[in-house]
Amino acid sequence: MTVLKAAVIGCGDVSAVHFEAIAKLDGARLAAVCDADPARLAAATAAYGVPGFSDHLSLIEAIGPDVVHITTPHNKHASIAVDCLDAGVNVIVEKPLAHTLAEGNRLAEAAKGSAAKIGVCFQNRYNATSQAMHSLLSSGELGAVVGASATVLWHRDADYYRSRPWRGTWEGGGGGLMMNQAIHTVDLLQWLVGDVTSLSGNASTRFLGETIEVEDTAEFFAEHANGARSVFYATLANAVNAPVTLDIVTEKATLSLRGDLTVTYADGRVEVVPERVVESGGRAYWGVSHELLISDFYARLAEEGPFWIDPAEAQKSLGIVKEIYRQSYPEMTGLVS
């Protein structure tokens, strides 16, 4: 059996779950790591016993990886991914797709022209609850979707941003709360309810204005292609990291996500779909499904066609977030687009 060579570019916080997932894969091995920060690079090479590189082009040339995992700051996602695709290397890139719409479009075009595959880490689509919601809604047995609501009530403090200063900037992160935390829930909302056709919202900084230049709070109202409507609210000013909520009302049932999924039917029946619980070195708010997405990506490498969460699919949530920014910061078009 051919053993695929994997590499991780960006050895910061979220890389931990990628290293874990690679270690559990049959038919793949970690072959190299890359980071521009000497201390992080030294720590990773020592921890995993593989060669380390300070730039991704040198890694690609020297190692010839089959799959690269990109876990860098947001503003590096697209440029590194394009270089990998141009070299015929398969890519798994953390969300968001890119830190600007222009870079996201560039990456989507590169993906169309490459024989290599690329997947974007919207791992919450693999949650047991998300899969159950999608299956129920797609089956038609619940009738038409009437509307939906979602909340992300989390907490981040100044030290979180001071530890990784890029997170709190337009240039490094492409945004704040919506790009770095709430985009997962935005993705689930549009995936489950349907494409967004009309959007009105606002982003602002209510809590961390002395620390960051980006938003820590946002809300929007959306209309979807199927006629449903949804409302969304998110903030980092909450006292704790509360469970994400997502409620979808259909003609014949209400689906309510609060960790586990509760389905309440119009005839009085109630079903509960429990979410999986896994032990991981990652943080709880990253969810439980990185490993499933990564394993599925590797399993589909031999299939024809793009991976199902590709740049074209990831552009949908990026477009929603950027439209909220466009409405909220009209004087900053060059920074927020």
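Above: the structure in question.
Residues numbered from 1 in each chain as written. Predicted model: local features only at pLDDT ≥ 70, side-chain atom pairs only at ≥ 80, totals over all residues. Heavy atoms only, no water.

1. Thoughts on the packing of aromatic side chains
Taken as a whole and assessed by the stated rule, the structure comprises 10 aromatic pairs. Taking the centre distance of 5.0 Å and the plane angle of 85 degrees together, the rings of Trp170 and Tyr325 count as edge-to-face. Of this pair, Trp170 sits in helix α8 (residues 170-173) while Tyr325 sits in helix α12 (residues 311-328), placing them 155 residues apart in sequence. Here Trp170 falls in the buried class, since its relative accessible area comes to 2%. (Phe/Tyr/Trp six-rings, centres within 6.5 Å; stacked < 30°, edge-to-face > 60°. Helix = DSSP H or I, 4+ residues; strand = E, 2+ residues; numbered from the N terminus. Buried < 20%, exposed > 50% of the residue type's maximum accessible area, 1.4 Å probe, protein only.)

2. Looking at the packing of helix α4 (residues 74-86) against helix α5 (residues 101-112)
The contact between α4 and α5 brings their axes to 9 Å, and the two run at 10 degrees. Here α5 runs roughly parallel to α4, going by the angle between their axes. Where α4 crosses over α5, the handedness of that crossing is left-handed. Every residue of α5 that contacts α4 at Ala78, Ser79, Ala81, Val82 and Leu85 is listed here: Glu103, Arg106, Leu107, Ala110 and Ala111. Split into classes, the residues belonging to the contact of α4 with α5 amount to 7 nonpolar, 1 polar and 2 charged. (Axes fitted to C-alpha atoms, helices over the stretch in contact; angles between N-to-C directions. Parallel < 35°, antiparallel > 145°, perpendicular 65-115°, else oblique. Left-handed = near helix turned anticlockwise from the far one by under 90°. Contact = heavy atoms within 4.5 Å. Nonpolar A, V, L, I, M, F, W, Y, C, P; charged D, E, K, R; others polar.)

3. A few points about the sheet that holds strand β10 (residues 229-235)
On the basis of which strands lie adjacent, the open sheet formed by 8 strands has the order β8-β9-β10-β7-β11-β12-β13-β14 and mixed pairing. Strand pairing shows two members of the sheet lacking a second neighbour, β8 (196-204) and β14 (270-273), which therefore form its edges. Looking at each pair of strands side by side, their axes are set apart by 10 degrees on average, direction ignored. Examined bridge by bridge, strand β11 (residues 245-250) and strand β12 (residues 253-258) share 5 bridges and lie antiparallel to one another. Paired with Val249 across the two strands is Thr254, which belongs to β12. Most of the contacts of α12 go to β8, to which it runs at about 55 degrees, and overall it touches β8 and β9 (217-224). (Pairing = 2+ DSSP bridges.)

These values are about where atoms sit, not about what they do.
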